[in-house]
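Read off the chains here:
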Amino acid sequence: MKDLRQWIQALEHNAPKELIRVKKIVDPNKFEATAVMEKLESKGRFPAVLFEAPKALKGEDHRFKLLMNTFGTFSKMAVALDLPPETPKKQLMEEILKRQDLEKEPAIVAPQNSPVKENTLVGDDLDLNMIPIVRHVEMDGDRYFSPIAVSKNLTTARYNISWNRMMYLDPQHLAIYMSPRHLWTYFAEAEQTHRNLPIAVVLGHHPAFHMTGALLTPLDRDEYKAAGGFLGENIRITPSLSYGDDLYIPADAEIVIEGEIVAGQRTVEGPFGEYTGYTGPQRVSWLFEAKAINFRSDGIIIDIFPCKTEHMNAHLPIEASILRTMREATPNVIDTSWVDSGGPLTIIIRMKKKVEGEPMQAAMAAFTASNFIKIAIVVDEDIDPTNLKQVMWAVSTRVQPETDIQNLKGLQGHVLDPSLRHEIKGSGMIIDATRPLDRPFPRRGLVPEEILRKVSLRDYLDE
Ligand SMILES: Cc1cc2nc3c(=O)[nH]c(=O)nc-3n(C[C@H](O)[C@H](O)[C@H](O)COP(=O)(O)O)c2cc1C
């Protein structure tokens, strides 16, 4: 069975430099955990950091562990998908594309065979302050979880898995932020009939399970089945304490809070240091009421530092989905760079253009696939999309703004984009930086390939 502990072992075995254990007590409520992560990132270091003694406001400091930078590098994500740590991003994307279509039926297991049920607390015994919750940046409204929400559609019984940040309110309440996607739709449907929506808040599981939270699946696809396909084995699930068979929770998770998003109520949430790198405003968000908690002894919380590299990296499955939609529109798209260069809102698309118009088609498909994209830059196959110097050279030398830049109006913007003038309506830009096919274009100044192959630096330099 795959769980977070198995991934940590695999990482320590295959890529020991990718994990650091911190034994010293750290207070995540006083920005100490994010200060450590900030210092590492400023030195260009992105190891996963397992804080073994994070302080909670209540209870012992060693009850839970805190894991940050789980998605800090593609190597760690490769290990999550059973690939060698040195797997290049391009191959990782192809693996994600392969896995995102697979499905495996979830396996229902009894509570007594579910590690997550090792400890349970309900009702007044439940105080969320027993869990170390991270305060990330100075303006944050309070401490935040970066959990995966598992929800079940009250009509279709289909399960959804999504990342949704949650802010601490009081010992049994959190505020949840939902942009208008699947979970938001489930809740809107429940609220129309004055019903609360039960959800399971998963604070730690195998990273491949968390990656399922960023798959752009169709609304009617069951995401427990998709999680099984993505993990490469049936995901084990077990009845929840509060809702029994009406809401199954992941049996091999570290910590699961059960509860419901309350119909007819809203709460103030934020400010929040967003993945865009800016502090977003206070918003009117939704109220989550906790009913029970299930946790493994020494349970490990996965936390994402929102303004940093790992948050953008965690969107890699979304980049893979965008790539797929583009390839469906035109098979000549080779690869993309979004999370690792243009993110949060700009994507670079590399293609082997065969006819004029294809770059526009590919870029339009990217906009169709996701409202995370505001600017699309299309380059030829000789440009490495992850190398922004090369990309800017192509933009400088292959673009005539008058004809090669298109502005699109009235798109669904990204609500976290600080430049939006309207609540949700935005615009887009396509820069076609490919060479024209319908008129002569200068060749690049290159040393002949056959000479380059013959010449070795060792023959000419004392190195
Ligand atoms: C680390 C991370 C955090 C995210 N946080 C949120 C969030 O707080 N609210 C939200 O609506 N989407 C958030 N997203 C995006 C959604 O999880 C993602 O778009 C997902 O596909 C939505 O799933 P759904 O369409 O099934 O609801 C986050 C994504 C990542 C990778």
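Residues numbered from 1 in each chain as written. Predicted model: local features only at pLDDT ≥ 70, side-chain atom pairs only at ≥ 80, totals over all residues. Heavy atoms only, no water.

### Structural notes on a nonpolar patch on the surface
Heads up, the condition is: Put simply, a patch holds well-exposed residues, over 30% relative accessible area, that have no salt bridge, with like charges counted together within 9 Å and Val, Leu, Ile, Met, Phe, Trp or Tyr side chains within 5 Å. What sets the accessible areas is the Shrake-Rupley method with a 1.4 Å probe; for residues, cover comes only from the shown protein chains. When a carboxyl oxygen of Asp or Glu lies within 4 Å of a side-chain nitrogen of Lys or Arg, that pair is called a salt bridge. Helix and strand assignments come from DSSP, with helices taken as H or I runs of at least 4 residues and strands as E runs of at least 2, each series counted from the N terminus. A 1.4 Å probe rolled over the protein chains alone gives each residue an accessible area, and that area as a share of the maximum for its type sets the label: buried under 20%, exposed over 50%, partly exposed in between.
A cluster of nonpolar residues, Val447, Ile451, Leu452, Val455, Leu457, Tyr460 and Leu461, forms a patch on the protein surface that exposes about 680 Å² of accessible area. Within the element layout of this structure, Leu461 appears in the segment after helix 13 (449-454). The exposure class assigned to Leu461 is partly exposed, which follows from its relative accessible area of 37%.

### A short note on the pairing of strand 21 (residues 375-379)
Test applied: The criterion for strand pairing is that DSSP finds at least two bridges linking the strands in question. A crossover gets the label right-handed when its path from the first strand over the helix to the second runs clockwise, viewed with the strands pointing away from the viewer.
Where burial is concerned, most of strand 21 is hidden: four out of the five residues are buried. As defined by bridge partners, strand 20 (residues 346-351) adjoins strand 21 across five bridges and the pair is classed as parallel. When the bridges of strand 21 are listed, Thr346 appears paired with Ile375. Handedness of the β-α-β unit built from strand 20, helix 10 (residues 358-369) and strand 21 comes out right-handed.

### Thoughts on the site of the ligand
Quick reminder of the rule: If a single non-hydrogen atom of a residue is within 4 Å of a molecule or strand, that residue counts as near it. Pairs of N or O atoms are called polar contacts if they sit within 3.5 Å, as long as, within protein, a hydrogen donor faces a hydrogen acceptor (for residues adjacent in sequence, only side-chain-to-side-chain pairs). The residue classification treats Ala, Val, Leu, Ile, Met, Phe, Trp, Tyr, Cys and Pro as nonpolar and Asp, Glu, Lys and Arg as charged. All others, Gly included, are polar.
Near the ligand lie 18 residues; those nearest to it are Asn160, Arg165, Tyr177, Ser179 and Gly213. Asn160 places a side-chain nitrogen or oxygen 2.8 Å from an oxygen atom of the ligand. Protein burial of the ligand: of its 640 Å² of free accessible surface, 92% is covered by the chains. Elements that contribute at least two residues to the shell around the ligand include exactly strand 8 (159-163) and helix 5 (182-192). Counting residues per element, the shell around the ligand draws most heavily on strand 8, which supplies three residues. When its residues are assigned to classes, the shell around the ligand shows eight nonpolar, eight polar and two charged.

### Some points on helix 7 (residues 223-231)
Counted residue by residue, helix 7 has eight buried out of nine residues, so it is predominantly covered. Taken as a whole, helix 7 has its buried residues at Glu223, Tyr224, Ala226, Ala227, Gly228, Gly229, Phe230 and Leu231. Among the residues of helix 7, the N-terminal cap falls to Asp222, whose side-chain oxygen and the backbone nitrogen of Tyr224 are separated by 3.0 Å. Within two residues after helix 7, Gly232 carries a phi angle of roughly 90°, on the positive side.

### Looking at the pattern of salt bridges
If the charged atoms of two oppositely charged side chains come close together, the side chains can form a pair. Under the criterion given, the structure shown has 39 salt bridges. Notably, a salt bridge pairs Arg296 with Asp3, separated by 2.9 Å at the nearest N-O pair. Note that Arg296 is positioned in the loop between strand 17 (283-295) and strand 18 (300-303) and Asp3 in the segment before helix 1 (4-14), a separation of 293 residues in sequence. The buried category is assigned to Arg296, whose relative accessible area is 10%. According to the relative accessible area criterion, Asp3 is buried, its value standing at 10%. Across the salt bridge formed by Asp382 and Arg444, the nearest N and O atoms sit 2.8 Å from each other. Taken together, the residues Asp382 in the loop between strand 21 and helix 11 (388-398) and Arg444 in the loop between strand 23 (425-432) and helix 13 connect sequence positions 62 residues apart. On the accessibility criterion, Arg444 (35% relative accessible area) is partly exposed. Through salt bridges with shared partners, a single ionic network connects Lys2, Asp82, Glu95, Lys98 and Arg99.

### Quick word on the domain arrangement of the protein chain
For clarity, the threshold we go by: For the domains described, the bounds stem from an automatic or database domain assignment. Any two residues having at least one pair of non-hydrogen atoms within 4.5 Å are treated as being in contact. By buried area we mean how much accessible surface two parts lose on assembly, using a 1.4 Å probe and totalling the loss over both.
With domains assigned, the protein chain is organised as domain 1 (4-312) and domain 2 (315-432). Distance from the C-alpha centre of domain 1 to the C-alpha centre of domain 2: 29 Å. Facing the 27 residues of domain 1 at the interface are 29 residues of domain 2. Where domain 1 abuts domain 2, roughly 2500 Å² becomes buried across the two surfaces, and 66% of that area is made up of carbon and sulfur atoms. Its largest share of buried area at the contact with domain 2, domain 1 owes to Leu216, Tyr275 and Met312, together 26% of the area lost on that side. If you look at where domain 1 meets domain 2, you find four salt bridges.

### Points about the side chain of Asp432
Our working definition: We score Asp and Glu as negative and Lys and Arg as positive, and we do not count His or the chain ends.
Along the polypeptide, Asp432 turns up in strand 23. This buried residue, Asp432, is left without a salt bridge; Lys353 holds the nearest opposite charge, at 4.7 Å. Sequence-distant contacts of Asp432, defined by excluding residues within four places in its chain, comprise Pro359, Val378, Arg398, Val399 and Asp404.

### Considerations on the nonpolar core
Selection criterion: Grouping buried Ala, Val, Leu, Ile, Met, Phe, Trp, Tyr and Cys residues that are joined through side-chain atoms within 4.5 Å yields what is termed a nonpolar core.
Ranked by internal contacts, the top residues of the largest apolar core, which has 78 residues, are Leu67, Val150 and Met326. The element contributing the most residues to this core is helix 9 (residues 316-329), with six residues. Both domains that furnish three or more residues to this core are identified here as domain 1 (4-312) and domain 2 (315-432). When near neighbours in sequence (up to four residues on either side) are disregarded, Met326 contacts Val333, Thr336, Ile347, Ile349, Ala362, Ala365 and Ala366. Counting 41 residues, the second largest nonpolar core, distinct from the first, contains Leu66, Met166, Met178 and Tyr186.

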